[in-house]
Amino acid sequence: QWVFANQSSEQDSNQDKTRFEETEKRGGNILNPREIQAEAKESANVQILNKTSLVQQEIKGKVIDLKRNEPIVGATVIVKGTNIGSVTDFDGNFTLLVPEGSREIVVSYLGYTAQTLQIGNQTFFTVNLEDEGALLDEFVILGYDVQRKKDLTGAVAIVNMDEIKSLPVASVESMLVGRAPGVQVLSDNGPGGNVSIRIRGFGTVNNNDPLYVIDGTPVSNGLNSINPQDIESLQVLKDAAASSIYGSRAANGVVIITTKKGKSVIPTITLDAYTGFQQAFNLPKMLSAQQYGDQLWKASINDGRTPASDVYGKDPLNPRIPQWLNANQTIPSADVDWVNEIFRTAPVQSYNLTVAKGGEDSNHVLSLGYFNQDGIIKHTGFDRYSLRYNSEYTLKKFLNIGQNFTASLTKTNDVATNSSLGSIVYDAFQFPSIVPVRDINGSFGGNPLNDISNPLGNLFRQKDNTKNRIKLMGNVYGDVKINDNLNFRSNFGLDFENFNQRSFAPIYNELLSQRVVNSLSDNSSFYYQLAWTNTLNYNKKFGNSTLDLLLGQESIENYAELKSASREGFLYEDPNFQYLSYGTQNQQNSGSASKWNLLSFFGKANYALKDKYLFSATLRYDGTSRLANNKWDVFPAFSAGWRLSEEDFLDLGPKVNELKIRGSWGRTGNQQVPTYSTLASFQNNINYSNYAIDGAQENVSIGLVETRVANSNLNWELTTQSGVGIDLEMFDNKLVITADYFNKTTDNLLIYAPIPPTYGGTNDGVWTNGGKMRNHGFELGSKYSGQAGNVFYNVGLNYSFYKNKLVELNPGVNYLGIPASSLHSVNFGQEVSRTLAGQPIGTFFGYDAIGIFQSEEEIASYGLQPNARPGDLKFKDINGDGLINAQDRTAIGSPHPKAIIGFNTNLYYRGFDMALFFNASLGHKIYNLTKYKTLFFNQSAYNKSSDIINAWSPQNTQTGIPRLSLDDPNENIRPSSYYLENASFLKLNNLQLGYSFPASAFQNMELRLYAQASNLFTITNYSGMTPEIGLQNYSSNSRNLDIGVDRGVYPPSRTFMVGFNVKF
Amino acid sequence: SSDYLEEVPYGEVSPSNMSNPENIERAIIAAYSSLNGQFDNATSGFNSPASNWSFGDVVSDDAYKGGGGTGDQNQIHQLEIFNTTPVITDVQRKWLALYEGIKRTNYALNLLKDSETFDTDLKSIREGELKFLRGHYYFELKKIYKNVPFIDESVVEIQDFYVGNKSLTDEALWGKIEADFNAASSLLPMEQSDAGRPTKMAAMAYLAKTYVFQSKWQLALTASNEVISSGKYKLHADFRDVFLPENDNSREIIFAVQHSVNDGEPRHFNGSIGDRLSAPGGPHYPQYGFHRPSQNLIASFRTNESGMPLLDSNGNSDFVDPRLDHTVGRPGIPYLDLDILYQANWARDLATYGQFSPKKRIVSPLSNFQVKVWPYISSLNYYIIRYADLLLWKAEAQVELGDLEGARETVNLVRQRAKSSQVVKNLGGNAPAANYAIEVYSASWTDAAVARQAVRLERRLELAMEGHRFFDLVRWDIADQVMNAYFDKEKTLRSHLTNAKFQKGKHEYFPIPQLYIDMVGAENVLQNPGY
């Protein structure tokens, strides 16, 4: 029997919510909605006293979560109009003595819609409470502070954790795919692989990564080491109003991640597990052994040559497959589908155990996770062991301390894909089908045709070259409540990583590819970032206005050190000997380090008048070590909101619950140039600065070369962003719509401007402030939650687009290209995209291919391509000078989608749940560079796509594939629009079915079982493996200049999984 | 605090410290370091080879690209069949390598000029070296690209590197190159303690080469004679031994790119990295089988019984110049000191590129100076100028100036050495491996045309596979005749040349790289005709 002692304001059915709001306005130390909840609950508990009086009638009941069919522990049941109440126990049961004459009870629980029930003569009540839908939506964590969503004046995308909390995802980033309008996720698909997030397009040409803030601490990298199961909330600050408090690193948006805290007074143990398998799909078909010979012959004949090949013989009429591929007769000929051969069906599994307990003066969460994903490419995979411990203590009424800490060990076995410097997928495309997987001695089959080593052999030989990463990330903080209005917080955060990879290269001999001396290289790095943040919060209510003030200071130190060593000549290749000491020759080592620091001061003021006129202002003053002569800059932001729905003079009707319009303007900065970009210096480089001046055969003198081309005047890049938005809630909050329009202009663009080749080849560019970029776009997030009978459902639709344009480049810089050093010999070193003034970033660049010449007459009448023959590509004379030459290259297409769409729906019916999630991108192009390898016979020694059987010939003119030629006199292979394809797609990203057992089924235990499938189908016209092509490289400075170029990606997998969630 | 935001780079030397004499020396070393064509971390040194195997041999009648078919390094195949375009990687990377050398040279020159602490005598010597290096880099640019922008030490700021190639006439550009070699020859001493540094006579020899390329025959003769009369150089006793790493700074070598292996660079980037595709294959050399001697080159070594070259290419003979088997790998002939016969199947893709392999500049795997692992290269220097080369310039000058007998004598110096050199023996070591015959020209030369042909042929035989042939054909203005005649015949043997055609007035020079045009603006650049 519980009775509320304080009767004054607790009887509103909405009591908890009111209390939060009160708390939120009253307390200065609000940092996290969960804390708010916890505090609210604690205060409720404190005020429940065990008193008995006026007992007249006992009623009992059970409170159940309607959707999940689970008991609700700790729900409050009170007699309306009194202070008499009770809370539910473990099984959701309650008992209450009701005074005579009481007519109604009110049942409420945090985050659920309260219910009022008539008592009448009933003595047992089954109360179904409905989840209000993410309570988190109500509060938005803005990093240094928390705001009610209703008070928000900036653009913030909030990922509905409810929809994805049971969704098995491998990484935090993948939680964002299609869930937050204006957020794009680019991934390389490899297990534990690279992911980049782009918020509101590409704001700059260099570093477009958002800032990640985990539990108030900015971190720099390694999100894949975070266990996604530990995430409590995920929010993306998109506009300057929301993000400029982060000033120097916020220009690309801020992703705010909050990890779990103990909530319930009653300890809970949660076990989540799933397992499943992944498969490759949509793999291309290459030529068989005989087909390759046939096509090689055809290409030779097209060139007027007499076909002959060391492997396929000298019969000019027919290529013949020999019995043996080598003189020693150890490699029999075969017919292998190498693309299929490198893939496999691979398991994925995840186990996660969480123990949590909340309470009056402390709360704790301990979580252990293990995630294992084998790659669908053989011998690749990812393991993650993670541990998290979060705790918080109220030591004194005025003092809270807490910490969030995570440690993880990840082990990654990856392989290069989608890279111009080598891709195992390309290798499989190009490896001859005629070569067997193994020769008669059991070794990997060697290849007599080209220098690609056996793709399986390559994968096998590097299978133990695991990248090990230990990451420690966390923060400790103290909160001092100076008085009711003033709160001081000091937070110290650490982001630490230790990386090691030992790469052993064994001896092998595969004809044209071999290694005669084995070697081991051992690379380690050591990295840390320290962030110390001190903030002062002041909150006060004056009459009908509320003022929140924040003042803060932050210092960040980032240090990285690399070491590597190698030896050759290992007597044994056994893994036990794959340590440096066992190598006998050629001992090498190297090491280097870099460091940068940031120092910042900032302040923010929020002012709300009558709860409907909202104003916010932010100012940040940032200093960076990276800009020697322009260290400091100021970043202001202003925003305002008007809650029209609160106005008496505006009658929006009963259907509109909330209507707010918002507007913002702000400026953020970017200083993320490589360290020391402003400092001229010289260095030794063993690869290209030494020389044997004294004529020695095995000794060099040390030379010094310019390290970089420094720009001492380098200054901050400034992004000015303005936006308007609208938030609308209708039909009892069932329909929630948020729409935003933004305009984002980046000035003083930090660019790596190429240097004319008259400067030589060692330094190919200089960092400079060299242009202006503009993004504008629109974002719409909408969600409808409804009920039909016992079916509860919600439907969400996200839509966004951005338009990116490089407005101008400084005089002297004609374009930004991909540095030649990252092109290698692929495509003859020619870039396929350029960033040109007036065009979007990463615009595809080349000739405009306008068809295939069908006849000599057509070639003659066109007149511009004398070397062409029927079946060759026709190129457009862009500048009309009567010549087809390099001046006719032009912008030929954009990799940027015109629309990015996410659609999800969730259904709940008596314990069953179903989730469907679609995503789509429309209107963008992919440069299918795989065609360079697979459709042209220029590089004739390599296998080709079976599509070329359909190449142009006088007998086969209705085709899009040009004639086969080894010499390619028309240079069909040149970069052109021929490679471009429409990459629009719609994909069923995810389908999940679950069932939650009634709590009665197992004692005190909640159990949910589910099955899930991902990548079930994709509708697209794109001919490659997947229309979702990320970046070529996720770490180089020029990565954003190279978008949507398909170089043989690690394909996404189709995954089927089953799993369960247990809580007791 | 302000200290907190102060950047101190680790492991780097600030510009102010570069003026220390020891760092100036290191900046000069870096200027030399560009000579071997390796200017960045990329493994594609073969695109910018010091030896010009692709730019000088493959595009001539001496060699094929080789490798795994026309599709292996297809862009070099495009060079070989004269389907050259301004975007070919090699065309671009060669340019980058040479201008890298120029930039480093100019930087070091400025350091020297500004230094007050550098030893005064040494200062002028180093200045001479740098002028020599700059002369070399521009010479390479000139012979490959024809019209190139001239950048000297007065150009410092980045924006000043945006220069077109229109300001200097052909003659003026040659003048700049001559000026550098003239300056070098006046500043450099007769002897240098470091073998890798040029001497006064090396500069004089390069000056001779500069004159030769402009057909300034009298000047060429004078300069050559000055080098010869200095007595510093002589032909090495044995033709084969000229190409041993142990002899790569012998008295025959006037100036060479110094190569080094096993020196702490794990990938041996200080070695003959530009030639890393040339390892011939077979049991001792894994990979890659590029730079393959042509049938036509083999045929050019035929002699008659009395050891005289067959000037008529249609003639038939069983005798060959003994230099043939020092220059190329032929089936049935022992390969270097490996005690093994070269076999046709060493050669990669012989269906396309035939059975011959390079040999002259290939180092035996029994030598410590040949790297047995990737990149399969050696420390053998690349000879930019060796004495035989200089002698043959002199002979040319003598022919052009009418001193035919003098020319004959000069050519005979080269032939005499070839004659007195050891020949390749069979595996037993008891007999020549083939019918070798070589003799000096004993009959008087009376016809200038015949003499010219003899000198030119001698150049081809003596210097085959050393990266000079194409540039010789161009300066003799016979590239179109020679190459098209070669293609007509050779393509009946080698189908990869089916579509090859040399266009007079265009293919004498490689195109100005598109990258340069794109960056400084097409309006500022004069592209070579036809591209």
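Computed from a predicted structure; not experimentally measured.

Trainee: I would appreciate a short explanation of the overall build of chain A in the present structure.
Mentor: Across its full length, chain A carries 10 helices and 56 strands. Taken over C-alpha atoms, the radius of gyration comes to 32 Å for chain A, in line with the 31 Å a tight globule of 1064 residues would show. With the principal axes as the frame, chain A shows a C-alpha extent of 110 × 65 × 65 Å. Buried positions account for 61% of the 1064 residues belonging to chain A. Residue pairs at least 24 apart in sequence account for 70% of intrachain contacts in chain A once pairs closer than 6 positions are excluded. Only carbon and sulfur atoms are counted for the fraction: they give 53% of the accessible area of chain A, which is about 38,800 Å². Looking at chain A, you have 91 positive and 102 negative side-chain charges, and the mean spots of the two groups are 2 Å apart.

Trainee: I tried to follow unusual backbone geometry on my own but got confused; where do I start?
Mentor: Most of the time, phi is negative for any residue but glycine, and the peptide bond is trans. In this structure, P375(B) follows W374(B) across a cis peptide bond, with omega equal to 10 degrees. Mapped onto the fold, P375(B) is located in the loop between β7 (357–358) and β8 (382–386). With a phi close to 70 degrees, Y676(A) is a non-glycine residue in the positive phi region. Among the secondary structure elements, Y676(A) is positioned in the loop between β35 (656–670) and β36 (682–683). Judged by relative accessible area, which is 4%, Y676(A) ranks as buried. With a phi angle near 50 degrees, L336(B) is a residue other than glycine that sits in the positive phi range.

Trainee: Could you clarify how one ought to interpret the pattern of salt bridges in this entry?
Mentor: Side chains that differ in sign of charge can pair as their charged atoms come close. As enumerated under the stated definition, the model contains 82 salt bridges over all chains in all. Among the ionic pairs, D151(A) bridges to R148(A), the shortest N-O distance being 3.0 Å. Summarising the burial analysis for this pair, D151(A) and R148(A) share the class buried. Residue E6(B) is joined to K631(A) by a salt bridge in which the shortest nitrogen-to-oxygen separation is 3.4 Å. Placement of the pair is E6(B) in the segment before α1 (21–33) and K631(A) in the loop between β33 (613–624) and β34 (632–643), with the two residues belonging to separate chains. Of the residues examined, K631(A) reaches a relative accessible area of 15% and is grouped as buried. Put simply, E252(B), D321(B), R323(B), K360(B), R386(B), R415(B), R417(B), E458(B), E462(B) and E466(B) are held in one network by salt bridges that share partners.

Trainee: Can you help me understand the interface of chain B and chain A in this one?
Mentor: Every contact between the two is made by 103 residues of chain B and, on the other side, 101 residues of chain A. Here chain B and chain A share an interface that buries about 8,300 Å² over both sides, 54% of which is from carbon and sulfur atoms. Three residues stand out in chain B for area buried against chain A, namely Y4(B), L5(B) and E7(B), and they jointly supply 10% of the buried area on that side. Going through the elements one at a time, α1, α3 (74–80), α4 (89–114), β2 (253–257), α11 (350–353) and α17 (514–520) of chain B are the ones with two or more residues in the side of chain B that touches chain A. A total of nine residues in the side of chain B that touches chain A trace back to one element, the largest contributor, which is α4(B). Along the lines of polarity and charge, the residues of the side of chain B that touches chain A split into 46 nonpolar, 37 polar and 20 charged.

Trainee: What is the right way to look at the sheet that holds strand β45 (residues 833–835) of chain A in this model?
Mentor: Residue and element names in this part refer to chain A. Strand order in this open sheet of four strands is β44-β45-β46-β49, and the pairing throughout is antiparallel. For this open sheet the edge positions go to β44 (816–817) and β49 (890–893), each flanked by a neighbour on one side alone. Pairing between β44 and β45: two bridges, direction antiparallel. When the sheet's bridge partners are listed, G817 is paired in β45 with R834.

Trainee: Mind showing me how you'd approach helix α16 (residues 479–493) of chain B here?
Mentor: Each turn of an α-helix holds 3.6 residues, which means side chains three or four residues apart point in the same direction. Residues and elements named next belong to chain B. For α16, with 15 residues, the first-to-last C-alpha span of 21 Å sits near the 21 Å given by 1.5 Å per residue. If you look at α16, its biggest bend is around 30 degrees, right at F487. Looking only at α16, the buried set comprises A479, D480, M483, Y486, F487 and E490.

Trainee: Honestly, the packing of helix α12 (residues 387–400) of chain B against helix α13 (residues 404–420) of chain B in this entry has me stumped. Any pointers?
Mentor: Packed helices, taken two at a time, are described by the angle between their axes plus the distance between the axes. Residue and element names in this part refer to chain B. Closest axis-to-axis distance for the α12/α13 pair is 7 Å, and the angle between their directions is 160 degrees. Classed by the angle they form, the pair α12 and α13 counts as roughly antiparallel. Considering only the axes of α12 and α13, their crossing is left-handed. Across the interface between the two elements, A388, L391, L392, K394, A395, Q398 and V399 of α12 pack against L404, G406, A407, T410, V411, L413, V414 and R417 of α13. Taken together, the residues of the contact of α12 with α13 sort by class into 10 nonpolar, three polar and two charged.

Trainee: Whenever I open this one, the nonpolar core confuses me. Can you help?
Mentor: Grouped together as the largest cluster of nonpolar side chains are 140 residues, with contacts concentrated most on F132(B), Y138(B), L141(B), I254(B) and W445(B). Beyond its immediate sequence surroundings of up to four residues, L141(B) is in contact with W95(B), L98(B), Y99(B), I102(B), K146(B) and V148(B). Counting 69 residues, the second largest nonpolar core, distinct from the first, contains A849(A), Y942(A), L964(A) and I973(A).

Trainee: Can you help me understand a positive patch on the surface in this one?
Mentor: On the surface, a cluster of positive charge is contributed by K803(A), K805(A), K898(A) and K925(A). With respect to the helices and strands, the residue K898(A) is situated in the loop between β49 and β50 (899–909).

Trainee: What's the story with the packing of helix α7 (residues 200–213) of chain B against helix α8 (residues 217–229) of chain B in this structure? I'm lost.
Mentor: All names here are of chain B. Running from N to C, α7 and α8 cross one another at 160 degrees; their axes reach a closest spacing of 8 Å. Relative to α8, the element α7 lies roughly antiparallel. Crossing angle aside, the handedness with which α7 passes α8 is left-handed. Counted together, M201, M204, A205, A208, Y211 and V212 of α7 and W217, L219, A220, A223, S224, E226 and V227 of α8 form the full contact between these two elements. Of the residues assigned to the contact of α7 with α8, the class counts are 11 nonpolar, one polar and one charged.

Rules behind the numbers
- Residues numbered from 1 in each chain as written.
- Chains lettered and ligands numbered in written order.
- Predicted model: local features only at pLDDT ≥ 70, side-chain atom pairs only at ≥ 80, totals over all residues.
- Heavy atoms only, no water.
- Helix = DSSP H or I, 4+ residues; strand = E, 2+ residues; numbered from the N terminus.
- Rg over C-alpha atoms; globule rule 2.2 N^0.38 Å.
- Buried < 20%, exposed > 50% of the residue type's maximum accessible area, 1.4 Å probe, protein only.
- Contact = heavy atoms within 4.5 Å.
- Areas by Shrake-Rupley, 256 points an atom, 1.4 Å probe, with all protein chains shown as cover.
- Lys, Arg positive; Asp, Glu negative; His and termini not counted.
- Charge placed at Lys NZ, Arg CZ, Asp CG, Glu CD.
- Salt bridge = Lys/Arg side-chain N within 4 Å of Asp/Glu carboxyl O.
- Buried area = accessible area lost by both parts, 1.4 Å probe.
- Nonpolar A, V, L, I, M, F, W, Y, C, P; charged D, E, K, R; others polar.
- Pairing = 2+ DSSP bridges.
- Expected span 1.5 Å × (residues − 1).
- Bend = angle between axes of the 7 residues up to and from the residue.
- Axes fitted to C-alpha atoms, helices over the stretch in contact; angles between N-to-C directions.
- Parallel < 35°, antiparallel > 145°, perpendicular 65-115°, else oblique.
- Left-handed = near helix turned anticlockwise from the far one by under 90°.
- Core = buried A, V, L, I, M, F, W, Y, C linked by side-chain atoms within 4.5 Å.
- Patch = residues over 30% accessible without salt bridge, like charges linked within 9 Å, V, L, I, M, F, W, Y side chains within 5 Å.

Keep in mind these numbers describe shape, not what the thing actually does.
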